[in-house]
Amino acid sequence: MTRYLIHGGRPLHGSIEISGAKNAAVAILPAALLINGKCRIENVPQISDVTLILQILRELGADVRAVNKTTVEIDCSHIHNKPVPYELARKIRASYYLVGALLGRFGWAQVPPPGGCNLGGRPIDQHIKGFVAMGADVEVRNGLIHARVEGGRLRGGQVYLDMVSVGATMNIMLAAALAKGMTVIENAAKEPHIVDLANFLNSMGANIMGAGTDVIKIRGVESLQGGFYSIIPDQIEAGTYMAAVAAAGGEVLIKNVIPKHLDCITAKLVEMGVDVEELDDAVLVRRTGPIRRTNVKTMPYPGFPTDMQPQIAACLCLAKGTSVLTEGVWENRYRYVDEFRRMGARIQVDGKVAVIEGVGMLTGAQVHACDLRAGAAMVIAGLAAQGDTEIDGVYHIERGYESIVEKLSNVGADIRIVYIPGDEARIQAG
Ligand code: EPZ
């Protein structure tokens, strides 16, 4: 088991290259199951969630070949449908996309319920509502989601989502791409990765209109062929490094981004006294003065992303004055607060609201990364803190951040990976 050891208090200077978007990749790679032919996908992030999905595709008989570090060729022409292995699927949230993709291609799917970060209840009733609207029967039995449609092909259907759901929007798009007739998703999510999945499927021959708005229409086609595609840059990875500069100070050019996707994050950082200059495919982030307090409420895109909530909380701990943070998406995304308190933060949580009294300076401590974004927030807090911070549970961070230690070291952070021999025993015992 590894931990990160950070000696804080060093401003960051230089440039960081952003990788492909995790939450786009984890839907686009399963989408390859719908394609009869070889697709070449570029800008694939090297993270453990991607490794797991590729492993599942191989289990299903896909021919998966790494062309280089960030490009993969996948040929699902000769896959055989079978129950997805529990040991692989339970580790990631995105395994639910296998239901939409396999149901769309074969008319049936057997997939274990998804794992991923513990953010409170994470139901998938809206995904199921979509599949049912397309004629499928869905039930959970013997630890598997069983989805099946009579006759082997879904029919277009009308789905109004009860709440804006990224996963349900993408899963219904996957299932509908090869269905007979038109599917309409209303109250759809609008995140950049929704548009990316639609663009990927369309470039392989699908007919999807309206992605990026709250009504998406999918006219099912007979088959999808192979092709080339490049995944968009990761909005949240970019936002995380922007927050790191805000917290630690300095000046960093964050490259390979779509600045428009970052507007919701940039606006808050500017309110907090951070300079952000937008360039064509980069943002220059600089913080020299003190961080100012502000209020933040997370919302579906184009609102402030919930996946940036812990990272912005780290910055607000360092601000002058009291900030109010409201979580508008997940039931329980404040499990990290106790870890921040060990570093001297003053935070009170009441339900979905956290009141953060800025303390100006945090102090290094031994802390735990309780999920992916909370782990990223611990790194940010450690970079800004006085003294040493040791973070365990870093496998959560590596699920979603490619080479985080290397990228931060390259801009002057004192961060390194340490191996603690007793850790495996401790984790197994826990
Ligand atoms: C995706 O999760 C992301 N995960 C999450 O990122 C992200 O936080 C979330 O979207 C919101 O942006 C992946 O893409 C793999 P939702 P998802 O369906 O699709 C409720 C990260 O850190 N809901 O948009 O599972 C749900 O409980 C991760 O990268 C239902 O009630 O999220 C939540 O309150 C963490 N029923 C809200 O909707 C459903 O059927 C939004 O969830 C589906 C969702």
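Residues numbered from 1 in each chain as written. Predicted model: local features only at pLDDT ≥ 70, side-chain atom pairs only at ≥ 80, totals over all residues. Heavy atoms only, no water.

Visitor: I keep staring at unusual backbone geometry and nothing clicks. Help me out?
Guide: Leaving glycine out, the prevailing phi sign among residues is negative, and the prevailing peptide bond configuration is trans. Look at the link from Tyr301 to Pro302: it is a cis peptide, with omega at 10 degrees. As for its position among the elements, Pro302 is in the loop between strand E17 (296-297) and helix H10 (309-317). Residue Asn187 is not a glycine yet carries a positive backbone phi of 60 degrees. Examined against the element boundaries, Asn187 turns out to sit in the loop between strand E10 (182-186) and helix H7 (192-203). The residue Ser403 is not glycine, and still its phi comes out positive at about 45 degrees. (Helix = DSSP H or I, 4+ residues; strand = E, 2+ residues; numbered from the N terminus.)

Visitor: Help me understand the packing of aromatic side chains, please; the structure alone is not making it clear to me.
Guide: The relative placement of two aromatic rings is captured by the distance of their centres and the angle of their planes. Per the counting criterion, the structure on display carries 4 aromatic pairs. Seen in terms of ring centroids, Tyr334 and Tyr336 are 6.3 Å apart; in terms of plane orientation they differ by 55 degrees. Their pairing is tilted. Given a relative accessible area of 8%, Tyr334 falls into the buried group. Owing to a relative accessible area of 1%, Tyr336 belongs among the buried residues under this scheme. (Phe/Tyr/Trp six-rings, centres within 6.5 Å; stacked < 30°, edge-to-face > 60°. Buried < 20%, exposed > 50% of the residue type's maximum accessible area, 1.4 Å probe, protein only.)

Visitor: Explain the nonpolar core to me, please; I cannot follow it from the model alone.
Guide: Considering soluble globular proteins, one finds that nonpolar side chains tend to be buried as a cluster. Counting residues in each nonpolar core, the largest one holds 81 residues, and the members touching the most others are Leu29, Ile41, Ile74, Phe200, Leu201 and Leu224. Non-local contacts of Leu224, meaning those with residues more than four positions away in its chain, are made with Leu34, Ile35, Asn36, Ala177, Leu178, Leu201, Met204, Gly205 and Ala206. Judged by nonpolar contacts, the second largest core, of 76 residues, contains Cys315, Leu325, Ile380 and Ala384. (Core = buried A, V, L, I, M, F, W, Y, C linked by side-chain atoms within 4.5 Å. Contact = heavy atoms within 4.5 Å.)

Visitor: What should I look at first to understand the pairing of strand E18 (residues 322-326) in this one?
Guide: Residues in a regular strand project their side chains so that they alternate between the two faces of the sheet. On E18, burial follows the alternation: Ser323 and Leu325 on one face are buried, whereas Thr322, Val324 and Thr326 on the facing-out side are not. Read as a crossover between parallel neighbours, the route from E17 over H10 to E18 is right-handed. Note: E18 against strand E20 (residues 353-357), 5 bridges, orientation antiparallel. By the bridge assignment for E20, Leu325 is matched with Ala354. (Right-handed = clockwise from strand over helix to strand, strands pointing away. Pairing = 2+ DSSP bridges.)

Visitor: Help me understand the pairing of strand E1 (residues 2-7) in this model?
Guide: Judged from the 6 bridges that link them, E1 and strand E23 (residues 414-419) form a sheet pairing that is antiparallel. Within E23, the residue paired with Arg3 across the bridge is Val418. Note that E1 and strand E22 (residues 388-392) share 4 bridges and pair antiparallel. Pairing of Ile6 across the sheet is with Thr389, part of E22.

Visitor: Whenever I open this one, the domain arrangement of the protein chain confuses me. Can you help?
Guide: Quoted interface sizes are often the accessible area lost when the parts come together. Taken domain by domain, the protein chain consists of domain 1 (2-19 + 233-429) and domain 2 (22-230). Relative placement of domain 1 and domain 2: their C-alpha centres are 30 Å apart. Counting from both sides, the interface comprises 22 residues of domain 1 and, opposite them, 20 residues of domain 2. Between domain 1 and domain 2, a total of about 1,900 Å² is buried, with carbon and sulfur atoms accounting for 52% of that surface. A salt bridge links Asp49 to Arg399, with the shortest nitrogen-to-oxygen separation between them at 3.0 Å. For the pair domain 1 and domain 2, the interface holds 6 residue pairs in polar contact (both at pLDDT 80 or more). A breakdown of the residues in the side of domain 1 that touches domain 2 according to their chemical character gives 7 nonpolar, 5 polar and 10 charged. (Domains from an automatic or database assignment. Buried area = accessible area lost by both parts, 1.4 Å probe. Salt bridge = Lys/Arg side-chain N within 4 Å of Asp/Glu carboxyl O. Polar contact = N/O pair within 3.5 Å; in protein donor to acceptor, adjacent residues only side chain to side chain. Nonpolar A, V, L, I, M, F, W, Y, C, P; charged D, E, K, R; others polar.)

Visitor: Explanation requested: the sheet that holds strand E15 (residues 275-278) in the structure shown.
Guide: For sheets, the rule is that strands pair by backbone hydrogen bonds, running either parallel or antiparallel. Pairing in this open sheet of 4 strands is mixed, and the strands run E2-E14-E16-E15 from one edge to the other. Looking at the sheet topology across the chains shown, the edges are occupied by strand E2 (12-17) and E15. Strand-to-strand, the axes of this sheet are offset by a mean angle of 10 degrees, without reference to chain direction. When strand E14 (residues 250-255) meets strand E16 (residues 282-287), the two strands line up antiparallel, connected through 6 bridges. What sits directly across from Glu251, in E16, is Arg286. Its contacts with the sheet put helix H9 (residues 259-271) on E15 and E16, and the angle it makes with E15 is roughly 160 degrees. (Axes fitted to C-alpha atoms, helices over the stretch in contact; angles between N-to-C directions.)

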